[in-house]
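# Architecture at a glance
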Amino acid sequence: MDEKIDDMMPVAEFIDENYKGSGKLHGKSVLISGGDSGIGRAAALYAAREGANIAIIYHTDEDRANDTRKAIEGEGTEALVIQADVGRSAACDAAVGEVIEKFGTLDVLINNAGFQKPYASLTDISDEDWIAHFEVNMHGMFYLARAALPHLGKGASIINTTSVNAFAGNKHLVPYTATKGAITGFTRALALQLVEQGIRVNEVAPGPVVTPIQLAFKGYDDDIIKNMGDTTPMQRIGQPRELGPAYVYLACNDSSFVTGQTLHVNGGMIVNG
Ligand code: NAD
């Protein structure tokens, strides 16, 4: 299910069709915020191929969410599609409730919903815009993790999506980058708090990836979209399908000795962190 997002970007690819599942997540229940699109959709498809039942939270694009539902079901597992604004505490509580009602358990939470908006200067950022970044990118992770926790047992996994920008900085994305740094602190602290319960908490830090989130730069500076690949040592933008396996690794027992860590998937942009 490739997706043409924009003329300025390559076609987005969500799964490597040669990828063979081996039941690494067989019978597990996985909830993915922002699972309808981009990196979250790739995580959903790989986890489904590994045998998990998948619940996705989408915000506004119902058609896209239903396309993702069909693709998950095409992998032979069950799909649950939930509309919610992760910036709202009650909506996150309700979403987790729906997952438990449908699947009976929750084993993996992937906190992935996010949005970004570029600003040339700090003085261009309104209070509302600053708060909106934190509500979606950070508060949503807290709300979902708090709602999920009573249902998570030994062996469960929480995976948060941060960004290369938290480590490298991005002068155009100050509020976004601040939220992504907060996610790293949240991930590390929560990992230590939950270690005795046998629940692991890690994060994935993608570099530039072909997803609709990049369209935030449209009209601000189109060249940033066109030249995004030039920022990586590999001299190319990443595909969602190159991110999905990182989530599978952190979700399943292959990473049983890994917690509080950041998995950098970025074409070589970070080689020291
Ligand atoms: P995307 O635009 O494809 O996905 C963003 C997702 O967030 C969508 O599924 C959308 O439904 C969801 N979302 C947005 N606001 C929401 C809200 N209020 N409530 C619920 N859901 C909401 O972009 P993506 O690149 O796949 O983004 C996924 C994650 O990856 C984000 O956290 C993003 O910050 C991070 N990330 C992306 C890149 C990249 O280059 N694409 C790089 C680093 C990190």
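Before any of the text, the structure's been laid out above.
Residues numbered from 1 in each chain as written. Predicted model: local features only at pLDDT ≥ 70, side-chain atom pairs only at ≥ 80, totals over all residues. Heavy atoms only, no water.

## Topic: the packing of aromatic side chains
Condition: Aromatic pairs are defined between Phe, Tyr and Trp rings, using the six-membered ring for Trp, whenever the two ring centres lie within 6.5 Å; interplanar angles under 30 degrees are classed as stacked, those over 60 as edge-to-face, and all others as tilted. Under the scheme used here, helices are H or I runs from DSSP no shorter than 4 residues and strands are E runs no shorter than 2 residues, and both carry numbers assigned from the N terminus. Accessibility here uses a 1.4 Å probe with only protein chains present; expressed as a share of the type maximum, an area under 20% marks a residue as buried, one over 50% as exposed, and anything in between as partly exposed. Lysine and arginine charges are scored as sitting over a ring when NZ or CZ, respectively, is within 6 Å of the ring centre and within 35 degrees of the ring normal.
A complete count under the given rule lists 4 aromatic pairs for this structure. Aromatic pair Tyr19 and Tyr46: ring centres 4.8 Å apart, planes at 80 degrees, arrangement edge-to-face. Of this pair, Tyr19 sits in the segment before strand E1 (29–33) while Tyr46 sits in helix H1 (residues 38–49), and the two are 27 residues apart along the sequence. By relative accessible area, Tyr46 is classed as buried at 1%. One Lys or Arg, Arg41, reaches over the ring of Phe14 and ends 4.6 Å from the middle of that ring.

## Points about the sheet that holds strand E5 (residues 157–161)
Keep this limit in mind: The rule for pairing is simple: two strands pair if DSSP sees at least two bridges between them. Only the stretch in contact is used when a helix axis is fitted, and all axes are lines through C-alpha atoms; the angle between N-to-C directions ranges over 0 to 180 degrees. The contact definition used throughout considers only heavy atoms, calling two residues in contact when any of these lie within 4.5 Å.
Across the sheet, which stays open at both edges, the 7 strands sit in the order E3-E2-E1-E4-E5-E6-E7 with parallel pairing between neighbours. The open sheet is flanked by strand E3 (79–83) and strand E7 (262–265), the only strands paired with a single partner. Averaged over all adjacent pairs, the angle separating strand axes in this sheet is 15 degrees, with direction ignored. Across 5 bridges, the pairing between strand E2 (residues 53–58) and E3 is parallel. Within E3, the position partnered with Tyr58 by the bridge is Gln83. Across the face of the sheet, H1 comes into contact with E1, E2, strand E4 (108–111) and strand E6 (200–206) while running at roughly 170 degrees to E2. Sitting on the sheet, helix H6 (residues 174–194) touches E5, E6 and E7, and the angle it makes with E6 is about 160 degrees.

## Examining the packing of helix H4 (residues 127–148) against H6
For clarity, the cut-off: Throughout this description, any angle smaller than 35 degrees is read as roughly parallel, any larger than 145 degrees as roughly antiparallel, any in the 65 to 115 degree range as roughly perpendicular, and the remainder as oblique. Crossings are assigned a handedness: left-handed for a near helix turned anticlockwise from the far helix by less than a right angle, right-handed for a clockwise turn.
Contact geometry of H4 with H6 gives a least axis separation of 8 Å together with a crossing angle of 20 degrees. Considered as vectors, H4 and H6 are oriented roughly parallel to each other. H4 and H6 meet at a crossing whose hand is right-handed. On the side of H4, the interface is formed by Trp130, His133, Phe134, Asn137, Met138, Met141, Phe142 and Ala145, while H6 contributes Val174, Pro175, Tyr176, Ala178, Thr179, Lys180, Ala182, Ile183, Phe186 and Leu190.

## Quick notes on the site of the ligand
To be explicit about the condition: Proximity is defined per residue: any heavy atom of the residue falling within 4 Å of a molecule or strand makes that residue near it. Think of a polar contact as two N or O atoms within 3.5 Å of one another; within protein, one of them needs to be a possible hydrogen donor and the other a possible acceptor, and neighboring residues in sequence only count if both atoms come from side chains. The method behind every accessible area is Shrake-Rupley, applied with a 1.4 Å probe, and residues are considered shielded solely by the protein chains displayed. Cavity: a set of points on a 1 Å grid over the protein atoms alone where a 1.4 Å probe fits but cannot get out. Pocket: an open set with protein on both sides within 12 Å along at least five of seven lines, its lining residues, like those of a cavity, having an atom within 4 Å of a point. In this scheme, a molecule is assigned to a cavity or pocket if more than half of its atoms are within 2 Å of the grid points. Polar here means any residue outside two lists: the nonpolar Ala, Val, Leu, Ile, Met, Phe, Trp, Tyr, Cys and Pro, and the charged Asp, Glu, Lys and Arg; Gly therefore counts as polar.
By nearness alone, 26 residues border the ligand, and Asp36, Ser37, Tyr176, Thr211 and Gln214 come closest of all. Between the ligand and the protein, one listed contact pairs a nitrogen atom with a backbone N or O atom of Val86 at 3.0 Å. Separating an oxygen atom of the ligand from a side-chain N or O atom of Thr211 is a distance of 2.6 Å. When the ligand is considered free in solution it has 810 Å² of accessible area, and contact with the protein chains removes 94% of it. A majority-of-atoms criterion places the ligand in the largest pocket. Elements represented by at least two residues in the shell around the ligand include exactly H1 and H6. For the shell around the ligand, the per-class residue count stands at 11 nonpolar, 12 polar and 3 charged.

Note that every value here comes from positions in space, so none of it alone points to a role or purpose.
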